[in-house]
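Residues per chain are reported as follows:
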Amino acid sequence: MAEQHERECAVCTNDFTTPKILPCGHLLCRQCVISWMDSKADAGCPLCRCPIVEQSDRSSSDTVDALPTDFVMEALVESARVLSKDHLCCVCEDVRADFICMQCQDMLCTMCTKAHRKLSATRSHDVESVSTVTPERLAASRPALCADHGDKQAEFFCREHRLAVCSACKANKHIVCLETNYLDNEIKSVQKSLTDLTKNLAEAEQKLEQAIGRLTSRLQEVDVSEQEDMAQVDKTCDRLHKLVEDVCNKLKDKCRKQHLKIRKSLCDVKTGLSYRVGKVTSHKHIVTRAVAVSPRPALIHMTQALTDRVNSLDLSADLQGDVWVTPLSSVECCQDVVRRIEDELLMLKIEPEVQFYPF
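Remember, it's a predicted structure, so these values are computed and weren't measured experimentally.

Caption draft 1: Quick look at helix H1 (residues 30-39). Taken as a whole, H1 has its buried residues at Cys32, Val33, Ile34 and Met37. On the buried face of H1, the contacting elements are strand E2 (27-29) and helix H2 (60-65).

Rendered as structure tokens:
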């Protein structure tokens, strides 16, 4: 169930108006995205800073219009707006409405509800208590209306024009269209597509989370490796006493930089995967909500856009071979330092104050 804050734009903090799906999966009002892009040259998502669009010569409005619209969220906002109105009967004046017709989306008092259930045109409608209806249920109950005749039930879907149409429009305006299917069949088809998308996104999310877990373990191994190498450096420096105190500091610095480089590389990979799993999770949430709510025309309109978006996402969770590179041990470096110091001492004919042991 979409909470109130989920229906609010992060920029204007109002209910969404024409919500656009950004490449990262976050939603913003169309006009808010345009204003945000106009305010700075390289505007990214205000929530996660992911780029809104690659370099483009098009105007910000054209760029934003090319982004897919979340018709499901749009339907949820409209349904929430209907439910938030004063509960007054749409027929009687100043009479409290305790019921709402899920198809007409009109609020009714008890007397009008009885009449509504008896009329031949509305007796098949679902009339429920206002207190039990959620925006999701109300949005899902919206009738599919013809794109040209808003008062007629849509029975077909024209794939060529991407419109839900009535039987009259199919026989006239869309008679030459090659792909005009029954709306129910089209709904079943897109529901299957959305189910497959949900499965793919869930699997990708799981793999990305597992990859991040492996990176976390790898970072811990690098920390242990660093501690072991630092201990070896300390042992070597203790043997050399004050004579090689500066050498000890240099060895530590070299060791620290070596592990810092590896840690930075691993963290960069982990950050990239975190951004990637954020996109996957956001899109999975959108697809899951679309499957749960399933407003008929809206579901069809956004399925292809969501499919294209998901196909454009990087769902790979593979870790490159560089991630598993083992840092060079400091042992050989320490041995070399000891040998060089021994040689220098022998050349100066100075007996070393400590005995050097091979590693």
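After that view of the structure, there is still more to cover.
Caption draft 2: Region of interest: the environment of Leu219. Mapping Leu219 onto the fold places it in helix H7 (residues 183-240). With 43 residues separating them along the chain, Leu219 and Ile262 place their C-alpha atoms 9.0 Å apart.

Caption draft 3: Looking closely at the sheet that holds strand E7 (residues 163-165). Ordered by their spatial adjacency, three strands build an open sheet running E7-E6-E8, and the pairing between neighbours is antiparallel. Strands at the two margins of the open sheet, each flanked by one partner only, are E7 and strand E8 (180-182). Direction aside, the axes of adjacent strands within the sheet are offset by 30 degrees on average. Sheet topology note: the strand E6 (residues 156-158)/E8 ladder contains three bridges and is antiparallel. Paired with Phe156 across the bridge in E8 is Tyr182.

Caption draft 4: Layout of the layout of surface pockets. Roughly 320 Å³ of internal volume is contained in the largest pocket. Residue lining of the largest pocket: 13 residues in total, with Pro23, Pro51, Ile52, Val53 and Glu54 positioned closest to the centre. A per-class count over the lining of the largest pocket returns seven nonpolar, two polar and four charged. In this structure, the lining of the largest pocket is formed jointly by two domains, domain 1 (1-69) and domain 2 (195-317), each of which donates at least three residues. Among the elements that make up the lining of the second largest pocket, the one with the highest residue count is helix H8 (residues 245-293) (five residues). Partitioned by chemical class, the residues of the lining of the second largest pocket number six nonpolar, six polar and three charged.

Caption draft 5: Examining the sheet that holds strand E4 (residues 107-108) more closely. Judged by pairing direction, the sheet is antiparallel, and its three strands sit side by side in the order E4-E3-E5 without closing on themselves. Each of the sheet's edge strands pairs with one partner strand only, and the pair in question is E4 and strand E5 (127-129). Pairing between strand E3 (residues 99-101) and E4: two bridges, direction antiparallel. Note that in E4 the partner of Ile100 across the bridge is Met107.

Caption draft 6: Expanded view of helix H3 (residues 71-84). Helix length check: H3 (14 residues) gives 20 Å between terminal C-alpha atoms against 20 Å at 1.5 Å per residue, within 8%. Here H3 has its buried residues at Val72, Met73, Ala75, Leu76, Val77, Ser79, Ala80, Val82 and Leu83. Of the residues that open H3, the one with a side-chain oxygen 3.2 Å from the backbone nitrogen of Val72 is Asp70.

Caption draft 7: Just the environment of Thr281, in detail. Structurally, the position occupied by Thr281 is in helix H8. Put simply, Thr281 and Leu201 are 80 residues apart on the chain and 7.5 Å apart in space, counted from C-alpha to C-alpha. Side-chain polar atoms of Thr281 contact the side chain of Glu205, separated by 2.9 Å.

Each value, and the rule that gives it
Residues numbered from 1 in each chain as written. Predicted model: local features only at pLDDT ≥ 70, side-chain atom pairs only at ≥ 80, totals over all residues. Heavy atoms only, no water. Buried < 20%, exposed > 50% of the residue type's maximum accessible area, 1.4 Å probe, protein only. Helix = DSSP H or I, 4+ residues; strand = E, 2+ residues; numbered from the N terminus. Contact = heavy atoms within 4.5 Å. Pairing = 2+ DSSP bridges. Axes fitted to C-alpha atoms, helices over the stretch in contact; angles between N-to-C directions. 1 Å grid on protein atoms, 1.4 Å probe; cavity = no way out; pocket = protein on both sides within 12 Å on 5 of 7 lines; lining within 4 Å. Points joined across faces, edges and corners; volume = space filled by probe spheres on them. Nonpolar A, V, L, I, M, F, W, Y, C, P; charged D, E, K, R; others polar. Domains from an automatic or database assignment. Expected span 1.5 Å × (residues − 1). Polar contact = N/O pair within 3.5 Å; in protein donor to acceptor, adjacent residues only side chain to side chain.

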